[in-house]
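# Structure at a glance
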Amino acid sequence: MWWGIKDHDRVIRVSIVAAAVAVPIVVIAAIRGRGRRHHMRALVIPMSMALKDLLSGWDDHQRLRALTIPIDRSFVAVRLPDGWHDPGGFKDQMRELVQDRMGGLWSGEWNLKDYPFNVVFTPQKPKPKLEPPEQVDFFSDLVQKAIAACEPGQLVLGIDERQRPVIKEMTGETAMWALSVGSGGGKSSFLQMIITQLVRQRATVIGIDVKMASINCFEGLEGVHLYTDPGNIGDMRSAISWAAREVEARNYVKKGNPRKNFDRLTLILEEGNEFGDASKEWWNENKEKGDPASDPIWGDIASIMRMGRHVNVTIIGVFQDLREAAVGSRGLRNMFRMILMGNYNANQWKMIVNTTPVPESVDRAGRMMIIEGNRRVWIQVPYADPDAFRAHSMELRAERGYSTEDLYGKPPARSPQRLPSLLQESKPLFTKDASTSETHAISAVQEGEGERSAVSMVKDEPLALEGAAASAADDEPEEQVERLALAEISRRLAEEGIEVSADLMRQHKRRRQDFPVGRLVDGRELFVLSDLADYYRPDEEPQAPEAAEDEEQDVHEDLEETEEDAADDQEDEGEDAAGHD
């Protein structure tokens, strides 16, 4: 037999090797064939059927053969019929069809000149994400050239994603700006940069800052009036009211001379949330019977916002959270037609802008988004040292000058800054040592504050130093004596151990003929602290039994009337609130 044992073993080995090679190939081919069949059923065939309206000259079989889509989906090729042309919009429809079926953005390369006609769609490469620079120097050539090219009313806000300066106008519909920027978002640098540019345009700036940190570098600069003492909220309110009166005066002048152009007056309200709370508390403590329950200062702000842009008076409001309640619940939030947001969260975005999706906030100082209607752009705010901003502003004032010709009044003077209670040395009231110590303390504060004067104003009425001795009050001219509301006097007397409420003092003022005489200042009756301290200081000599009984009866009647007045005040406040609603 020619078939040998060796040959038999060789055949078996070859068969085993062939089977080992063939089986994986068959399995792979089967898997690929199954994947290709799924690819054809799930993508190619449905897309060829969707091209029926666009390739109406071919039947279903021709369209299927004309469509080529590799299994890796790297491109989509469509062969076009001879003489095919775009009757109008077919190219865009075909591209949109490919994008819907394939996902993402695709671009098409059309060949309608050489046979065979076709179009090949390929996925577009994602564009690199553009971002503003991480930091911008205010004194760089890019920023300074942009500032030099600004017209009056135009201000440079920052550098955008394309490394270009962003310039906005503080006029017309965008005359009022608002910032809703969280802590560490760069609000202080933004305000310092804006004030420096306003100084360049010879503007008058009124700065309200209860934080005492953002704009203090401009202290003493001509034309920049700062009210930054949180212990004198009344000064801040007076400054806002003065700005509202300026708007009223300018509109009157504008009516007679429509071509009159005014120098810019800008009110900056820093830390608006904190100011709103402090102002409301001040109003609740100082309002008199019959006054409205709600804080009227927001009425002055509303008047500036509604009537100011016509006469070049503008507002920049800075808030950590721009809620409607933060602006007096008067619908003022919608009047800020340009808003800058930074370091925000999703809830703040939905409350202020109310669009989806919410853009991701960039947690970087000076990175802000400008929102102007439907236009949005990210910027990086230029930065410089506060001392550098001050020095540059001083140079601009000397170079370009400043005029008060378009101011029809004078910004109210500031009250002497009071030391916080924990820094004050506790001494008896109206003693020689206390007066001397307090006077030295005030002098030290005034020397550190630059232009602070020893005498301040309340509604254009001069006030004396807070620590003046009671014995000197009668010898000084009347206009040199500090006059305060009864609520403030009650608080100060309580600090010195004389407990008497403002309501009780109002009762004594009406009932007793020997009650110290006050003075009307801007419609409010104010009194001298030393007069009331002497009036309520406990007598050293014991009273007669009859006098003590009479005094006790008077006090009892006064307290009863005080309770009745308090009830009336609550009723009046309820009526005022109802009327406001």
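The structure this text deals with has already been given above.
Now for a look at the structure at hand. (Residues numbered from 1 in each chain as written. Predicted model: local features only at pLDDT ≥ 70, side-chain atom pairs only at ≥ 80, totals over all residues. Heavy atoms only, no water.)

Turning next to the sheet that holds strand E1 (residues 67–68). Spatial strand order, E1-E2-E4-E3: four strands in an open sheet with antiparallel pairing. Every interior strand has two partners, whereas the edge strands, E1 and strand E3 (106–111), have only one. In this sheet, strand E4 (residues 118–123) lies alongside strand E2 (residues 76–79) in antiparallel orientation, the contact comprising four bridges. Its bridge partner lying in E4, Ala77 is registered against Val120. Set on the sheet, helix H3 (residues 90–102) makes contact with E2, E3 and E4; between it and E3 the angle comes to about 140°. (Pairing = 2+ DSSP bridges. Helix = DSSP H or I, 4+ residues; strand = E, 2+ residues; numbered from the N terminus. Contact = heavy atoms within 4.5 Å. Axes fitted to C-alpha atoms, helices over the stretch in contact; angles between N-to-C directions.)

Taken in spatial order, the three strands make up an open sheet running E17-E19-E18, and their pairing is antiparallel. The open sheet has two edge strands, strand E17 (483–484) and strand E18 (519–521), and neither has a second partner. Bridge count for E18 against strand E19 (residues 524–528) is three bridges, and the pairing is antiparallel. Opposite Val521, over in E19, you have Arg524 as the bridge partner. Lying over the sheet, helix H15 (residues 529–536) contacts E17 and E19, oriented at roughly 65° with respect to E19.

Time to look at a negative patch on the surface. On the surface, Glu274, Asp277, Glu281 and Glu285 cluster together into a patch of negative charge. Here Glu285 shows up in helix H7 (residues 272–286). (Patch = residues over 30% accessible without salt bridge, like charges linked within 9 Å, V, L, I, M, F, W, Y side chains within 5 Å. Areas by Shrake-Rupley, 256 points an atom, 1.4 Å probe, with all protein chains shown as cover. Salt bridge = Lys/Arg side-chain N within 4 Å of Asp/Glu carboxyl O. Lys, Arg positive; Asp, Glu negative; His and termini not counted. Charge placed at Lys NZ, Arg CZ, Asp CG, Glu CD.)

Moving on, we get to the pairing of strand E13 (residues 367–372). For E13, the buried fraction is high: five of the six residues fall into the buried class. By the bridge criterion, three bridges tie strand E12 (residues 338–342) to E13 in an arrangement that is antiparallel. Across the sheet, Met341 pairs through a bridge with Met369, a residue of E13. As paired elements, E13 and strand E14 (residues 375–380) share six bridges and run antiparallel to each other. Within E14, the position partnered with Ile370 by the bridge is Val377. What sits between the antiparallel neighbours E13 and E14 is a turn of two residues, in which Gly373 has the positive phi angle 70°. (Buried < 20%, exposed > 50% of the residue type's maximum accessible area, 1.4 Å probe, protein only.)

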